[in-house]
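For reference, the chains in residue letters:
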Amino acid sequence: MITKAIQTAQDNSGHFHIARMDSKHAATTAYPSGIDIESSPAVDVSRDYNINAEKQVRYAEISEEAQQKYGKTVRGLTNRHVQLITIGSSIGTGMFVGIGSALARSGPLSVFLGFTFFAVFILWPLFMAAAEMCSWLPVRGSIFQFAERYVDPALGFAGGYVYWYGALMLVISDFTGCVSVIAFWDDKTNPGYYILLTLGLSLLLNLVAVKYYGEVEFVTASFKIILMLSLLAATFVTMLGGNPNHDRYGFRYWEKPMKEYLESGSLGRFLGFWRVFIYAAFACGGPDVVMMTSAEVQNPRVVIPRATKKIYFRLGLFYIVGTLALGIICPADDPTLLRSLEDGSTGSATSPWVIGLQRHGVNGVANLVNAVVLSSAWSCGNAYVYSSSRTLYALAINGKAPAIFKKCLNNGVPIYALAAVAAVSCLSFLNATTSTNTVLGWFINLSSVSFMITYMIILVTYIKFRKAVQHQVGLESLYFRTPFGIQPYASYFSLGFASIIVFFNGFYIFWPGAFDASGFISCYFGVFFFAIMFVFWKVYKKTKFVKSSEADIFSGKQAIDDEEEEFVRSKAEIPLHTYQRMLDRFLF
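All values reported here derive from a predicted model rather than from experimental measurement.

Draft legend 1. Spotlight on the pattern of salt bridges. Applying the stated criterion across every chain, the model contains 8 salt bridges. Here Asp561 and Arg301 are joined by a salt bridge, their closest N and O atoms 2.6 Å apart. With Asp561 in helix H19 (residues 557-571) and Arg301 in helix H11 (residues 300-329), this pair connects stretches of sequence that are 260 residues apart. Here Asp561 falls in the buried class, since its relative accessible area comes to 8%. What emerges from the salt-bridge pattern is a single network uniting Arg301, Lys557 and Asp561.

Right, here's the structure in full:
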């Protein structure tokens, strides 16, 4: 059979009408919330959604009986929600405060090059891979479910738990970061109270319907985008002399652009540069959030590709231009910066942005920056409370976690999965008895490695997915394809690059006289955890690697096709004003 596509036409009254078409060409219009109404390409699925259907393999499918017993998540996120949630989860305290340590250790050029290489060679292939896979099949738990379908069920099992663990570590590190930011104003109160306040508020927000969660993330992410753009503008103006001191400082602080680390000479400068990649793995992100939200996005075949391209462009701007501006406005050897890091100062007191502005006579910004950084840290933690709860829910749906975690409220919130996340997040209270910076350092390393492993899993999965699609239906059937025709070569390169970063992420621990047991664990625990989970499931279930000709690229697709068709129908008669269409096109 041929999957029928949907075509819309607009009459003079500004309303949309739908007509059927059996074509591989898509027709595109738009509706008021800014999401295009686009037809799906026709795909020959005459093989009844692959031979796995004969084996009664079901992925991401919830029977009517199970829905009545447990409930299910709902598609309540729009295009702008996906973009701002992803950006909000990817720009946290790391870009505003924590990056000062990387600048002081490695120098401005090393930070700029490290973030640029990471954004171009790691993030871009990942975003494109996520868009291709999730626009084809936007299902629950896509990261590890795809790994199970296309590579090996053992990889899906291990990948699911590694991502869940990594997301939990980010939840803990972000709420610990909130305490660090609050301590700028109040370092007397027991930090446990502030952890309870910030974590509790996030958990309460995650109890409401996903569309309201999306609105809150939209607002908080908007704050940090405005702050980032303001800091970039302030750097440009002040470097040209637009500051109270009338000092045209330009690139004055780049006299020694790469600092030596552990060793002297070229080797020391290279080691300082390489150390930036470890921090970039923590500060940069996004593709995982796109994949985890795909199951709750309206009109995903259109929203995911469009949102992904715009997300990457904006994040690339912030990561690349942001680190360039950072090295311009604040010298790596600034006494205030070095002293604040040595003293364990908190909040915006350690922000190189604030220190740089104050150095050039722009005072009174510390409190404002601190307030926005606080919302930024909380927003990141909130986003990963969402991601980690949905991950556990999806693991349960696929039989890899206890069935109790399938339970959803009437508004689509997986209540027991959220409760489990809340319980583990209580590790944040370690901050009440241990130095904030020490605790934060532990969880930064733990989360960085787990996310790098997750990125590697996504890349391996995409390479196999592409082969399966090419073998079964042809690449022209995809709803979205990476521009310039550089896939899968970009993914192969990115996979190799990521593997090297993971393997050498703790190189400084093995330097003579520098070994530290806690540092070794935080750097390599994720690697051992992944290996143990993979071997356990492979031996326990006797799994086999999936052949491209047998990979299940169809299970669940028809239900999503029908759901998308119904969504397009429901929006077809809603008028859309020209100004709304233009605003949505340019902003979202």
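Now that the structure is up, let's keep going.
Draft legend 2. View of the packing of aromatic side chains. What the rule picks out here adds up to 42 aromatic pairs. Here the aromatic rings of Trp537 and Tyr540 are separated by 6.0 Å at their centres, their planes lie at 50°, and the arrangement is tilted. Here Tyr540 and Trp537 lie together in helix H18 (residues 517-541), a separation of 3 residues that amounts to about one turn. On the basis of relative accessible area, Trp537 is assigned to the buried category, the value being 11%. Through pairs of rings, three or more aromatic residues link up here, namely Phe117, Phe121, Phe270, Phe273, Trp274, Phe277, Phe493 and Phe497. Across from the ring centre of Phe545, 4.4 Å away, lies the NZ or CZ of Lys538, which sits over that ring.

Draft legend 3. Representation of unusual backbone geometry in the model. With an omega of 5°, the peptide bond between Gln487 and Pro488 qualifies as cis. Its identity is not glycine, yet Leu262 carries a phi of approximately 70°, on the positive side. Along the chain, the position of Leu262 falls in the loop between helix H8 (210-239) and helix H9 (265-283). For Phe484, which is not a glycine, the phi torsion comes out positive at approximately 70°. Looking at the element boundaries, Phe484 is found in the loop between helix H16 (436-472) and helix H17 (489-503).

Draft legend 4. A look at the environment of Pro402. For Pro402, the location among the structural elements is in the loop between helix H14 (366-397) and helix H15 (415-425). Separated by 15 residues in the primary sequence, Pro402 and Ala417 have C-alpha atoms spaced 10.0 Å apart.

Draft legend 5. Structural detail: the packing of H11 against helix H13 (residues 352-359). Relative orientation of the contacting elements H11 and H13 amounts to 40°, with a least axis distance of 9 Å. Between H11 and H13, the crossing angle belongs to the class labelled oblique. Classified by chirality, the crossing of H13 by H11 is left-handed. Of H13, the residues touching H11 (which contributes Gly322, Ala325, Leu326 and Ile329) are Pro352, Trp353, Gly356 and Leu357. When grouped by side-chain class, the residues that make up the contact of H11 with H13 number 6 nonpolar, 2 polar and no charged.

Draft legend 6. Representation of the environment of Ala401 within the structure. Tracing the sequence through the fold places Ala401 in the loop between H14 and H15. According to the relative accessible area criterion, Ala401 is buried, its value standing at 11%. Those residues in contact with Ala401 that sit more than four places away from it in its chain are Tyr161, Leu392, Leu395 and Ala396.

Draft legend 7. View of the side chain of Ser494. With respect to the helices and strands, the residue Ser494 is situated in helix H17. For Ser494, a relative accessible area of 0% puts it in the buried group.

Draft legend 8. Molecular detail of the nonpolar core. The biggest cluster of nonpolar side chains holds 167 residues, and the ones touching the most others in it are Phe96, Phe115, Phe118, Trp136 and Trp353. At 18 residues, the largest contribution of residues to this core is made by helix H6 (residues 153-182).

Draft legend 9. Highlighting a nonpolar patch on the surface. Together, Phe117, Val120, Phe121 and Phe493 make up a nonpolar patch on the protein surface, roughly 330 Å² of accessible area in all. In terms of residue count, the dominant contributor to the nonpolar patch is helix H4 (residues 108-136) (3 residues). On the secondary structure map, Phe121 appears in helix H4.

Draft legend 10. Structural context of H18. For H18, with 25 residues, the first-to-last C-alpha span of 34 Å sits near the 36 Å given by 1.5 Å per residue. Taking the largest bend as the criterion, H18 deviates by roughly 50°, centred on Tyr524. Every buried residue belonging to H18 is among Gly519, Ser522, Cys523, Tyr524, Gly526, Met533, Phe534 and Trp537, and all of these are buried. Where H18 begins, one side-chain oxygen reaches toward the backbone nitrogen of Gly519, 2.8 Å away; that side chain belongs to Asp516.

What counts, and at which threshold
- Residues numbered from 1 in each chain as written.
- Predicted model: local features only at pLDDT ≥ 70, side-chain atom pairs only at ≥ 80, totals over all residues.
- Heavy atoms only, no water.
- Salt bridge = Lys/Arg side-chain N within 4 Å of Asp/Glu carboxyl O.
- Helix = DSSP H or I, 4+ residues; strand = E, 2+ residues; numbered from the N terminus.
- Buried < 20%, exposed > 50% of the residue type's maximum accessible area, 1.4 Å probe, protein only.
- Phe/Tyr/Trp six-rings, centres within 6.5 Å; stacked < 30°, edge-to-face > 60°.
- Lys NZ or Arg CZ within 6 Å of the ring centre and 35° of its normal.
- Axes fitted to C-alpha atoms, helices over the stretch in contact; angles between N-to-C directions.
- Parallel < 35°, antiparallel > 145°, perpendicular 65-115°, else oblique.
- Left-handed = near helix turned anticlockwise from the far one by under 90°.
- Contact = heavy atoms within 4.5 Å.
- Nonpolar A, V, L, I, M, F, W, Y, C, P; charged D, E, K, R; others polar.
- Core = buried A, V, L, I, M, F, W, Y, C linked by side-chain atoms within 4.5 Å.
- Patch = residues over 30% accessible without salt bridge, like charges linked within 9 Å, V, L, I, M, F, W, Y side chains within 5 Å.
- Areas by Shrake-Rupley, 256 points an atom, 1.4 Å probe, with all protein chains shown as cover.
- Expected span 1.5 Å × (residues − 1).
- Bend = angle between axes of the 7 residues up to and from the residue.
- Polar contact = N/O pair within 3.5 Å; in protein donor to acceptor, adjacent residues only side chain to side chain.

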